[in-house]
Amino acid sequence: MTDSSTPRRDIDRVASGLAACLPALHRALDRQVVARYPHPKPPEGQLALLRFVAQREGATVREAAEALLMKPNNVSALVSQLTERGDLERRQDSADKRVAHLHLTATSRRRLSEVRELETEFIRHALTSLTEGQQGALGSALDALDALTRHLHPAAR
């Protein structure tokens, strides 16, 4: 729903700017992390699954598939790969033995934390190069970006 006082061209400008800026921001951040992180970076799908499980410890494959907008069989394949590598554990549901709950291993949890710390460090450093007004605008935009994410992908967060 848009505010009728907001001109359409302003909404189009913001939409176009976000569509161009956010992927570039993600790629730039990813490249900086890869350059400093001492472990091999998992493929994007595996990393998305690990991050999801970190937020929703004990989730099922079906829940992960819904949240990540993936097919359950594809998530199941990722779970198998990550389990083999020692990054993820499957724990059988006590009530329904066909259901497995996903949990990070201690190593995986530590590595995700290291990546998050690197990301925060790079963003913090970049933020210091902005004016106070720009920093404030980004801080004020966080709630709106979170709401936009939930609107585009209701299962997110």
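Residues numbered from 1 in each chain as written. Predicted model: local features only at pLDDT ≥ 70, side-chain atom pairs only at ≥ 80, totals over all residues. Heavy atoms only, no water.

Asks: Give me helix α4 (residues 72–84): which residues, what numbers.
Replies: Here α4 is 13 residues long and its end C-alpha atoms lie 18 Å apart, about the 18 Å a rise of 1.5 Å per residue gives. Inspection of α4 places V75, L78, V79 and L82 among the buried residues, and these make up the whole buried set. Buried residues of α4 fall within an arc of 105° about the axis and therefore sit on the same side. Set apart from the buried face of α4 by more than 90 degrees, the exposed residues are N73 and E84. Next to the buried residues of α4 lie α2 (44–55), α3 (61–68), β1 (88–92) and β2 (100–104). The first or second residue beyond α4 is G86, which carries a positive phi of 85°. (Helix = DSSP H or I, 4+ residues; strand = E, 2+ residues; numbered from the N terminus. Expected span 1.5 Å × (residues − 1). Buried < 20%, exposed > 50% of the residue type's maximum accessible area, 1.4 Å probe, protein only. Arc of directions from axis to C-beta. Contact = heavy atoms within 4.5 Å.)

Asks: How would you explain the side chain of T105 if you had to name every residue and give the values?
Replies: Within the element layout of this structure, T105 appears in the loop between β2 and α5 (106–127). The exposure class of T105 is buried, given its relative accessible area of 11%. Among the polar contacts made by the side chain of T105, one reaches the main-chain carbonyl oxygen of G86 at a distance of 2.9 Å. Look past the residues within four positions of T105 in its chain and what remains in contact with it is G86, D87, L88 and E89. (Polar contact = N/O pair within 3.5 Å; in protein donor to acceptor, adjacent residues only side chain to side chain.)

Asks: Which residues make up the nonpolar core, and what values go with them?
Replies: In terms of nonpolar packing, the biggest core is built from 18 residues, with L49, V53, V75, V79 and L88 touching the most fellow members. Counting only elements with at least two residues in this core, the list comes to α2, α3, α4 and β2. Take this core: its biggest share by element is 5 residues, from α2. Here V75 is in contact with L49, V61, A64, A65 and M70, once residues within four sequence places are set aside. If you look at the next biggest cluster of nonpolar residues, it comprises 6 residues, including L29, V33, Y37 and L118. (Core = buried A, V, L, I, M, F, W, Y, C linked by side-chain atoms within 4.5 Å.)

Asks: Pulling in residues and values, what's your account of the UniProt feature "domain: HTH marR-type" (unreviewed entry) in the protein chain?
Replies: Look at the UniProt record and you will see "domain: HTH marR-type" (unreviewed entry) annotated at residues 15–147. Helix makes up 70% of residues 15–147 and strand 8%. Its end C-alpha atoms lie 14 Å apart. (UniProt positions renumbered as here; feature names shortened; annotations may be inferred.)

Asks: Please set out α3 residue by residue, giving values where relevant.
Replies: Quick reminder: α-helices carry 3.6 residues per turn. Residues three or four places apart thus point the same way. The set of residues buried in α3 consists of V61, A64, A65 and A67. Buried residues in α3, looked at end-on, bunch into an arc of 170°, giving them a common side. Facing away from the buried side of α3 by more than 90 degrees, the exposed set consists of R62 and E66. Of the surrounding secondary structure, the elements contacted by the buried residues of α3 are α2, α4 and β2. Downstream of α3 by one or two residues, L69 has phi in the positive range, about 55°.

Asks: Now, about unusual backbone geometry: what can you tell me, with residues and values included?
Replies: Backbone geometry at L69 places phi at a positive 55°, although glycine is not the residue there. When you line up the elements, L69 lands in the loop between α3 and α4.

Asks: Report on the pattern of salt bridges, specifying residues and quantitative values.
Replies: Charged atoms that come close allow side chains of opposite charge to pair. Under the counting rule described, the total for this entry stands at 13 salt bridges. Across the pair D12 and R8 runs a salt bridge whose closest N-O atoms are separated by 3.7 Å. Of this pair, D12 and R8 both sit in helix α1 (residues 8–36), 4 residues apart, roughly one helical turn. Take D12: its relative accessible area is 37%, and that puts it in the partly exposed class. Taking relative accessible area as the criterion, R8 reaches 65% and is therefore assigned exposed. Linking E63 and R56 is a salt bridge whose minimum nitrogen-to-oxygen distance equals 3.8 Å. Judged by relative accessible area, E63 falls into the partly exposed class, the value being 32%. Here the salt bridges share partners, and the residues they tie into one network are D30, K41 and E44. (Salt bridge = Lys/Arg side-chain N within 4 Å of Asp/Glu carboxyl O.)

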